[in-house]
Number of protein chains: 2
Amino acid sequence: MIVNNSLDEVKKRESALKIIKEIINDNGRDSLYDVTGLSGGFIANDDELDLLETYVGPAIFEDELQIVGKEHLGGEKVLAVNRTSSGILASILALVNEGDHVSHFLAEFPAHPSIPRSCAIVGASYDEFVDIDKFTIPENTSLVVVTGSTMDHKVIDEELFKKVIDMAHEKDIPVLVDDASGARLRTAVFNQAKATELGADLVVTSTDKLMPGPRGGLMAGREELIDEIKVKANQFGLEAQPPLILAMVNGIKNYTEENLVKAISRKEEFYELLSEKYEMFEKTPTGVMVSEDALKNQLEKLNVKTELSKKDCCFLWAMVLLKDFGIITIPAVGMPGASATIRIDLSTQDVIDIDLNELYEKVDQSFERFLDLSQDVEKSKELIFY
Amino acid sequence: MIVNNSLDEVKKRESALKIIKEIINDNGRDSLYDVTGLSGGFIANDDELDLLETYVGPAIFEDELQIVGKEHLGGEKVLAVNRTSSGILASILALVNEGDHVSHFLAEFPAHPSIPRSCAIVGASYDEFVDIDKFTIPENTSLVVVTGSTMDHKVIDEELFKKVIDMAHEKDIPVLVDDASGARLRTAVFNQAKATELGADLVVTSTDKLMPGPRGGLMAGREELIDEIKVKANQFGLEAQPPLILAMVNGIKNYTEENLVKAISRKEEFYELLSEKYEMFEKTPTGVMVSEDALKNQLEKLNVKTELSKKDCCFLWAMVLLKDFGIITIPAVGMPGASATIRIDLSTQDVIDIDLNELYEKVDQSFERFLDLSQDVEKSKELIFY
């Protein structure tokens, strides 16, 4: 095993950032293809940038965020947080006490680790479910969480979504929806309603996921709950700072469903190309992916033996994709606990118009290179901890 | 009492931001005088702004931050956090367990609330001291905190600073220095050494305090500890995002001790002016201030009776300063738990060259207006919750 814990994951991320820097310095930004679907952006004009001062900036941008944020997410009030994870922490600090319980429903395991980790911090018990028939809300529950779309872009069924909300509300328990990418994926691609329209009390989305905003989190919901969460966010420094808020406003304004819709049709073509040679690819709503298990099965089918764990295989291939082909995927640059699934999102600006045969060649060659490297643990380690 | 709890403080801050927006819209940015000493800045050129994307930005800017951050703070490794408070939370999550103890030494009460609050979250006991003879480090202590300069800019004695570090190190306990403004105030104005040079294992500073950086926190110290803290920061979304990191790099590069040194001589002149009429002003290293108690005493001396608490008096005067004179002070715009002391920092860009007689007139007139308003609780409330 090469990557064994959160600290290793941080080191691996540092390696990836170092490689990205080398590529930019040597060949420029155009040699990179960010297919994470998290590439986000930072849109701001000069007048806006002049206003970016500690106490002046928020006065202007927070007001505007209330307007565009509510259009995007619904709800009575909006709160900008530093990341979706910090919004989840602030919510749990505000609404969940020691000895309480949190029940979480999602379409597919694994859940995002920030939810159980935040529960552990406040000393609350936690349970997660993918089967509605097994879903329970014990008496000491103070918060129900629903994930709108998982890290691997598996989207919840809207009827189950409503059912979970109803079950929570029957017991007067607020519902927080982790709609990190779901706020756009569910609505634009699956024609579902906004979480607040389905009755959720709180929702949080990532402003860099499938939209041209900065890495950051945007919460919306019932004013009284948002106010409580805002207190905790301000106390512990979990809120978004003015530069992020500015870029969130412009990210939302510049978001269109067009790229998502275009990616849906292109992913079919890309999937066909890949599947002529490989069995490991699966479709996602806006691209393709290879899970840990699928990669392992592909290696077995090819009779390739390696001492690396299946997770390390994902990390290694992601690093090869990055170093030799400039293709940025989440296993290379993700935060600790991020999914190891290699996902290629076709809705991102860097590949929205790329020739799919050209992209196929890069992916195919990177896989061959990965196969070679997987035979040498020392060399694999050198790349992962570059 | 008008402002009773953290939620009221959040509402009060929202009022202040609303007023700031009105002033900018009606009369432009030049009608505002930010004397918080926290006005910070956001310096970035167009090429840098183009690089502000989720995974590309950090690769470039984090590397540069390692260089300029270590020059500013010393230490083996640097970590950018969303705010000093979130850096403190990340440190305590990483280094302090349930049942542990944290001892905190500072020059003067009150301590910044983020330290005891973070201890409460992990279930650690906490004690704070201003008297070195009473300072103790119990057996179950896992972290010693030292505040370099308090919220009211009271600076620690360097000999006591070293003594506390020695006491902690005798027991092999790491020392975290909360050097929010102190990293510059202590060094530039009091000629003290950097916290890391004095032997501290970790230090955190606010990149907007007395320097032209963004609101945010910068940590430095022993690599092994920084790595542990980084894991917690990444897990809970406490780290600084790329736009902040970019602006931190440029804020540090553009920091000079010149404004601080100029403010030191000007504050004497300003203090003389104010003290001809008022008794409530005290000098700070780079300006003047009025504490809750000093304001209360001044009111008593003037035979002014009010139903407002002394804290509410500070908030009210701060709101008058803002609304009628465009002068931004911390009691108006501060986060929950920020000091209610009205501090006028003369080192900020907005007043670095202002005619001190002109500034005196504004402060004097605002105080008269505040005295009137303090007789009417309803009207006071209307301004504080504007």
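Anything mentioned here points back to the structure above.
Residues numbered from 1 in each chain as written. Chains lettered and ligands numbered in written order. Predicted model: local features only at pLDDT ≥ 70, side-chain atom pairs only at ≥ 80, totals over all residues. Heavy atoms only, no water.

Peer 1: Would you explain the overall build of chain A in this entry?
Peer 2: Counting its secondary structure elements, chain A contains 15 helices and twelve strands. Taking 21 Å as the expected radius of gyration for a compact globule of 386 residues, we find that chain A reaches 21 Å, a close match to that expectation. For chain A, the C-alpha atoms occupy an extent of roughly 55 × 55 × 40 Å along the three principal directions. The burial tally for chain A puts 64% of its 386 residues in the buried class. (Helix = DSSP H or I, 4+ residues; strand = E, 2+ residues; numbered from the N terminus. Rg over C-alpha atoms; globule rule 2.2 N^0.38 Å. Buried < 20%, exposed > 50% of the residue type's maximum accessible area, 1.4 Å probe, protein only.)

Peer 1: Would you mind going over the pairing of strand β6 (residues 175-178) of chain A with me for this structure?
Peer 2: Residues in a regular strand point their side chains to alternate faces of the sheet. All names here are of chain A. Covered by surrounding structure in β6 are Val175 and Val177 together with Leu176 and Asp178, the residues of both alternating faces. Sheet analysis places strand β5 (residues 141-147) next to β6, joined by four bridges and oriented parallel. Looking at β6, one finds that threonine 147 is bridged to aspartate 178. Of the pairings in the sheet, the one linking β6 to strand β7 (residues 202-206) comprises three bridges and is parallel in character. Directly across from aspartate 178, in β7, lies its bridge partner valine 204. Regarding the hand of the β-α-β motif, the stretch spanning β6, helix α7 (residues 182-189) and β7 is right-handed. (Pairing = 2+ DSSP bridges. Right-handed = clockwise from strand over helix to strand, strands pointing away.)

Peer 1: Explain the environment of glutamate 269 of chain A here, please?
Peer 2: Structurally, glutamate 269 of chain A is set in helix α10 (residues 258-275). Judged by its relative accessible area of 47%, glutamate 269 of chain A falls in the partly exposed class.

Peer 1: What's the story with the sheet that holds strand β6 (residues 175-178) of chain B in this structure? I'm lost.
Peer 2: The strands making up a sheet associate through hydrogen bonds between their backbones, and the pairing can be parallel or antiparallel. Residues and elements named next belong to chain B. One open sheet accounts for seven strands, arranged β2-β8-β7-β6-β5-β3-β4; its pairing is mixed. In the strand order of this sheet, the two ends are held by β2 (77-81) and β4 (125-129), each with one partner. Averaged over all pairs of adjacent strands, the angle between their axes in this sheet comes to 20°, without regard to strand direction. Pairing analysis gives five bridges linking β2 to strand β8 (residues 217-221), with the strands arranged antiparallel. The residue of β8 that forms the bridge with lysine 77 is glycine 221. In the packing of helix α4 (residues 84-95) onto the sheet, contacts are made with β2, β5 (141-147), β6, β7 (202-206) and β8, and the angle to β7 comes to roughly 160°. In this fold helix α8 (residues 223-236) packs onto β2, β7 and β8, with an angle of close to 25° to the strand it touches most, β2. (Axes fitted to C-alpha atoms, helices over the stretch in contact; angles between N-to-C directions. Contact = heavy atoms within 4.5 Å.)

Peer 1: Whenever I open this one, the sheet that holds strand β4 (residues 125-129) of chain A confuses me. Can you help?
Peer 2: Residues and elements named next belong to chain A. One open sheet accounts for seven strands, arranged β2-β8-β7-β6-β5-β3-β4; its pairing is mixed. Taken across any chain shown, the strands that pair with only one partner, and hence form the sheet edges, are β2 (77-81) and β4. Sheet twist, expressed as the average angle between the axes of neighbouring strands with direction ignored, equals 20°. Sheet topology note: the strand β3 (residues 101-105)/β4 ladder contains five bridges and is parallel.

Peer 1: Would you explain a negative patch on the surface in this entry?
Peer 2: Together, Asp46, Asp47 and Asp50 of chain A together with Asp46, Asp47 and Asp50 of chain B make up a region of like negative charge exposed at the surface. If you list the elements that add at least two residues to the negative patch, you get α2 (46-50) of chain A together with α2 (46-50) of chain B. Positionally, aspartate 46 of chain A belongs in helix α2. What makes aspartate 46 of chain A partly exposed here is its relative accessible area of 49%. (Patch = residues over 30% accessible without salt bridge, like charges linked within 9 Å, V, L, I, M, F, W, Y side chains within 5 Å. Areas by Shrake-Rupley, 256 points an atom, 1.4 Å probe, with all protein chains shown as cover. Salt bridge = Lys/Arg side-chain N within 4 Å of Asp/Glu carboxyl O. Lys, Arg positive; Asp, Glu negative; His and termini not counted. Charge placed at Lys NZ, Arg CZ, Asp CG, Glu CD.)

Peer 1: Even after reading the chapter, I still don't get the pattern of salt bridges, so can you show me in this structure?
Peer 2: Pairing of side chains with opposite charge becomes possible as their charged atoms draw close. All told, the structure shown has 47 salt bridges over all chains when counted by the stated rule. For glutamate 239 of chain A, the salt bridge goes to arginine 83 of chain B, with nearest N and O atoms at 2.8 Å. Here the residue glutamate 239 of chain A occupies a position in the loop between α8 (223-236) and α9 (242-254), and arginine 83 of chain B occupies one in the loop between β2 and α4, the pair thus bridging two chains. Accessibility assignment for this pair places glutamate 239 of chain A and arginine 83 of chain B in one class, buried. A salt bridge links lysine 277 of chain B to aspartate 364 of chain B; the shortest N-O distance between them is 2.8 Å.

Peer 1: Before we go on, may I ask you to explain the relation of the copies chain A and chain B in this structure?
Peer 2: Once turned by 180° and shifted 0.0 Å along the axis, chain A lies on chain B with an RMSD of 0.0 Å. This pairing of chains is accounted for by a two-fold axis. Comparing interface residues between copies, 100% of those in chain A also sit at the interface in chain B, which points to an isologous, same-surface contact. (Least-squares fit on C-alpha atoms with pLDDT ≥ 70 in both.)

Peer 1: I keep staring at the nonpolar core and nothing clicks. Help me out?
Peer 2: One recurring pattern in soluble globular proteins is that nonpolar side chains are buried together. Ile20, Phe270 and Trp317 of chain A together with Phe270 and Trp317 of chain B are the most contacted members of the largest nonpolar core, which totals 220 residues. Excluding residues within four positions of it along the chain, isoleucine 20 of chain A makes contact with Leu32, Leu322, Ile328 and Val333 of chain A together with Tyr55, Val56 and Ala59 of chain B. (Core = buried A, V, L, I, M, F, W, Y, C linked by side-chain atoms within 4.5 Å.)

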